[in-house]
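# Structural features, examined
This is what each chain is made of:
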Amino acid sequence: MGQGPITKKTGFSHLLAAATYSADGARRLLGESAFRHELIAFVVAMVLFVFVGATLFEFVAMTILFLLMIAFEALNTAIEEIVDRVSPEISEMGKHSKDLGSFAVFCLIIANAACAGYVVISKLI
């Protein structure tokens, strides 16, 4: 016999469950060396921002760009895991999917580097 219908959590228990899923995703992302490198780069940027006297807006802008990069890194990791599960053999479609996810992350790495570089250089000259 099958199980009964699944009841969705609501209210505070839904919020708690969602927070748990997000924490699990963050732990999974910490297993990715690319993410750890991005995290180190962000910490270095924040230290440099303090050193050069960045404005609150500059700190917020850098933080938002970093959060976007984390989100894209998480989606890229999800794409890679799905492709590896669905198509364990090497395929052109799988390669394209992974390459596109990687390119999306690369674009945000460039945006983060440009923002950090602009703030630091503009404060030093």
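Residues numbered from 1 in each chain as written. Predicted model: local features only at pLDDT ≥ 70, side-chain atom pairs only at ≥ 80, totals over all residues. Heavy atoms only, no water.

With that out of the way, let us pick up the overall build of the protein chain. Within the protein chain, the secondary structure is distributed over four helices and zero strands. Shown N-terminal to C-terminal, the secondary structure of the protein chain runs as helices and strands in the order α-α-α-α. In terms of C-alpha radius of gyration, the protein chain reaches 19 Å, well past the compact-globule figure of 14 Å for 125 residues. On the principal axes, the C-alpha backbone points of the protein chain span a range of 75 × 45 × 20 Å. (Helix = DSSP H or I, 4+ residues; strand = E, 2+ residues; numbered from the N terminus. Rg over C-alpha atoms; globule rule 2.2 N^0.38 Å.)

With that out of the way, let us pick up the environment of aspartate 84. Secondary-structure assignment places aspartate 84 in helix 3 (residues 56–86). The class for aspartate 84 is partly exposed, based on a relative accessible area of 42%. Each C-alpha atom of the pair aspartate 84 and glutamate 58 lies 39 Å from the other, and the pair is 26 residues apart in sequence. (Buried < 20%, exposed > 50% of the residue type's maximum accessible area, 1.4 Å probe, protein only.)

Formed by 15 residues in total, the largest nonpolar core has its most connected members in Phe42, Met46, Phe49, Met62 and Ala116. Broken down by secondary-structure element, the contributors of at least two residues to this core are helix 2 (33–52), helix 3 and helix 4 (92–124). When near neighbours in sequence (up to four residues on either side) are disregarded, methionine 46 contacts Phe59, Met62 and Thr63. (Core = buried A, V, L, I, M, F, W, Y, C linked by side-chain atoms within 4.5 Å. Contact = heavy atoms within 4.5 Å.)

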